[in-house]
Amino acid sequence: CKMLTLGLQHMFAMFGATVLVPVITGLSMSATLLFAGLGTLLFHLLTKMKVPAFLGSSFAFLGGYAAVVSMGEAQGLNATQSLPYACIGVFSAGILYFVLAGFIAAYGVKKVMRFFPPIVTGPIIIAIGLTLSGSAIQNCGSNWWIALLAIVIIIVCNIWGRGMIKIIPILLGVLGSYAVAACFGLCDFSPVKDAAWLGVPFQWENTAFHVFANPNWGLVLSAIIAIVPISLATMMEHIGDMCAISSTTGENYLADPGLHRTLMGDGLATMLASLFGAPANTTYGENTGVLNLTRVYDPRVIRIAAVFAIILSFCPKFSALIACMPASTIGGVSLVLY
């Protein structure tokens, strides 16, 4: 019972950030939850069940998704038709994880990391944030009061919060502003009423496989060129997270099971998710915070959280409830994240 409770806590820690990515991009909410869970289990399998890490949606690729959708619209495609092309780009980015893992296995971490100083990866992250900030402000403009409420809740919880409150400020910002918007009649919940309780988490037309029924090879190539370089930043983020988890637990996961294994786990989870129309995965700092708070480092607890995420993915009604979130809430939370 205690392990189930701890697992549920880990799921809530990742939840706010993980569901926000499909809300912003238009990717499938149910597929996101499914492949966050499956990706986490796959990561644990490749890391010999030793590393207590949860894999959730990566924000780093948001700029890539937006760029590919813009390119698709310029060629007469809508966002739904363009996103599978972006997923092909993300799949290609996942391949680079294996390349870096191979170099690390062959030459060691220190030699490889000399080629990825902050001056290389930093500007990539800055460019992503600056590119996306305009869309966040546009969403905020639909109702600035709701957007500001989300921003204030996140800032207050992050600065003055204690314990679990400090770890899940994004989730609390979403819930708080969403609840207020609902009380003032700013949300249309009719899609929730119409949605089924049980359903398949993804649709074939939203997957990367669907592209090859009638491919636009120019857009495929453009998506790969636009998105693959982002993996330089996400791989550095992964290494930082592994160092943080190692420091928290007192175990050197970079040596055992090895950084090459954790990179392959993260990359393979991202590739699998992208094939089925879900966002790229990344190791989550929020869950490292939960480890630090509870002092329970058993990887089985993380795997329980992954199972909870998989179960939720089969409930379209739950996904519809998230999709009804007002644009102003999305804008406020996104502005903080960017």
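Procedures and definitions
- Residues numbered from 1 in each chain as written.
- Predicted model: local features only at pLDDT ≥ 70, side-chain atom pairs only at ≥ 80, totals over all residues.
- Heavy atoms only, no water.
- Helix = DSSP H or I, 4+ residues; strand = E, 2+ residues; numbered from the N terminus.
- Rg over C-alpha atoms; globule rule 2.2 N^0.38 Å.
- Contact = heavy atoms within 4.5 Å.
- Areas by Shrake-Rupley, 256 points an atom, 1.4 Å probe, with all protein chains shown as cover.
- Lys, Arg positive; Asp, Glu negative; His and termini not counted.
- Charge placed at Lys NZ, Arg CZ, Asp CG, Glu CD.
- Phe/Tyr/Trp six-rings, centres within 6.5 Å; stacked < 30°, edge-to-face > 60°.
- Buried < 20%, exposed > 50% of the residue type's maximum accessible area, 1.4 Å probe, protein only.
- Lys NZ or Arg CZ within 6 Å of the ring centre and 35° of its normal.
- Salt bridge = Lys/Arg side-chain N within 4 Å of Asp/Glu carboxyl O.
- Patch = residues over 30% accessible without salt bridge, like charges linked within 9 Å, V, L, I, M, F, W, Y side chains within 5 Å.
- pLDDT = per-residue confidence, 0-100.
- Expected span 1.5 Å × (residues − 1).
- Disulfide = S-S within 2.5 Å.
- Axes fitted to C-alpha atoms, helices over the stretch in contact; angles between N-to-C directions.
- Parallel < 35°, antiparallel > 145°, perpendicular 65-115°, else oblique.
- Left-handed = near helix turned anticlockwise from the far one by under 90°.
- Core = buried A, V, L, I, M, F, W, Y, C linked by side-chain atoms within 4.5 Å.
- Nonpolar A, V, L, I, M, F, W, Y, C, P; charged D, E, K, R; others polar.

### So, the overall build of the protein
Then, in step 1: Each helix and strand in the protein was counted, giving 17 helices and two strands.
Then, in step 2: Its C-alpha atoms give the protein a radius of gyration of 19 Å, near enough to 20 Å, the size a compact globule of 338 residues would have.
Then, in step 3: In terms of principal-axis extent, the alpha carbons of the protein reach across some 55 × 50 × 40 Å.
Then, in step 4: Considering only contacts within the protein whose residues lie at least 6 apart along the sequence, 84% involve residues at least 24 apart.
Then, in step 5: Surface accessibility of the protein: about 14600 Å² in total, with carbon and sulfur atoms responsible for 69%.
Then, in step 6: Considering the protein, the positive charge centre built from 14 side chains and the negative charge centre built from 11 side chains are found 13 Å apart.

### Re the packing of aromatic side chains
Then, in step 1: Per the counting criterion, the structure on display carries eight aromatic pairs.
Then, in step 2: Between F35 and F202 the ring centres are 6.2 Å apart and the planes differ by 45°, which places this aromatic pair in the tilted class. Taken together, the residues span a long stretch of sequence, with F35 in helix α2 (residues 29–46) and F202 in the loop between α10 (190–194) and α11 (217–227) at a distance of 167 residues.
Then, in step 3: Given the relative accessible area of 24%, F202 is considered partly exposed.
Then, in step 4: Ring centres of W204 and F209 lie 5.7 Å apart, and the angle between their planes is 5°; this geometry places the pair in the stacked category.
Then, in step 5: When its relative accessible area of 51% is taken as the criterion, W204 is described as exposed.
Then, in step 6: Its relative accessible area of 33% is what places F209 among the partly exposed residues.
Then, in step 7: Three or more aromatic residues joined by ring pairs make a cluster, and in this case those are F35, F202, W204, F209 and F276.
Then, in step 8: One cation-aromatic arrangement involves K317 over W197; the distance from NZ or CZ to the ring centre is 5.1 Å.

### A word on the pattern of salt bridges
Then, in step 1: As enumerated under the stated definition, the model contains two salt bridges in all.
Then, in step 2: Among the ionic pairs, D256 bridges to K50, the shortest N-O distance being 2.9 Å. Taken as a pair, D256 in helix α13 (residues 254–275) and K50 in the loop between α2 and β1 (55–57) lie far apart in primary sequence, 206 residues in all.
Then, in step 3: Its salt-bridge partner being R300, residue D298 comes within 2.7 Å of it at the nearest N-O pair.
Then, in step 4: The class for D298 is partly exposed, based on a relative accessible area of 22%.

### As for a nonpolar patch on the surface
Then, in step 1: Together, V152, I155, V156, I159 and W160 line one region of the surface with nonpolar side chains, adding up to about 480 Å² of accessible area.
Then, in step 2: Along the chain, the position of I159 falls in helix α7 (residues 144–160).

### A closer look at the confidence of the model for the protein
Then, in step 1: Confidence in the prediction of the protein, expressed as mean pLDDT, is 88, and 96% of residues score 70 or more.
Then, in step 2: Taken element by element, the protein is modelled with least confidence in helix α6 (residues 118–140), mean pLDDT 71, and with most confidence in α2, mean pLDDT 96.

### Structural notes on helix α12 (residues 231–249)
Then, in step 1: Between its first and last C-alpha atoms α12 spans 27 Å; for 19 residues at 1.5 Å apiece the expected length is 27 Å, and the two agree.
Then, in step 2: Backbone geometry just after α12 places G250 at a positive phi near 80°.

### A closer look at the state of the cysteines
Then, in step 1: Summed over all chains, the structure comprises zero disulfides.
Then, in step 2: Take C315: it sits in no disulfide, and the sulfur closest to it among the cysteines is that of C324, at 13 Å.
Then, in step 3: Residue classification places C315 among the buried positions, given a relative accessible area of 14%.
Then, in step 4: Cysteine C324 remains unbridged, with the sulfur of C187 as its closest cysteine sulfur at 7.5 Å.

### Some words on the packing of helix α3 (residues 62–74) against α11
Then, in step 1: Look at α3 against α11: their axes get within 9 Å of each other, and the N-to-C directions meet at 155°. On the basis of the axis angle, α3 is roughly antiparallel to α11. The hand of the α3/α11 crossing is right-handed. Residues G64, V68, M71 and G72 of α3 pack against L219, S222, A223, A226 and I227 of α11.

### Looking at the nonpolar core
Then, in step 1: One finds M14, F15, F54, I322, M325 and V333 to be the most contacted residues of the largest nonpolar core, which totals 38 residues.
Then, in step 2: Elements supplying a minimum of two residues to this core: α1 (2–25), α2, α7, α8 (164–167), α9 (169–183), α15 (299–313), α16 (316–323) and α17 (327–337).
Then, in step 3: Examining the composition of this core, we find that eight residues originate from one element, α1, more than from any other.
Then, in step 4: Membership of the second largest hydrophobic core comes to 21 residues, among which are L27, A60, V220 and A280.

### Re the packing of α9 against α17
For any two helices packed against each other, one specifies the crossing angle of their axes together with the interaxial distance.
Then, in step 1: Where α9 contacts α17, the axes come no closer than 9 Å and their chain directions differ by 155°. One element, α9, and the other, α17, form an angle in the roughly antiparallel class. With respect to the hand of their crossing, α9 and α17 are arranged in right-handed fashion. Of the residues in α17, those in contact with I170, V174, S177 and Y178 of α9 are T329, V333 and L337.
Then, in step 2: The residue inventory of the contact of α9 with α17, partitioned by class, reads five nonpolar, two polar and no charged.

### Quick notes on unusual backbone geometry
Then, in step 1: Residue P257 is reached from D256 by a cis peptide bond, and omega for that bond is 15°.
Then, in step 2: Tracing the backbone through its elements, the reader meets P257 in helix α13.
Then, in step 3: Even without a glycine there, the phi angle at K48 is positive, about 60°.
Then, in step 4: In this structure K48 comes out as partly exposed when scored by relative accessible area, which is 43%.
Then, in step 5: Positive phi, close to 60°, is recorded for M49, a residue that is not glycine.

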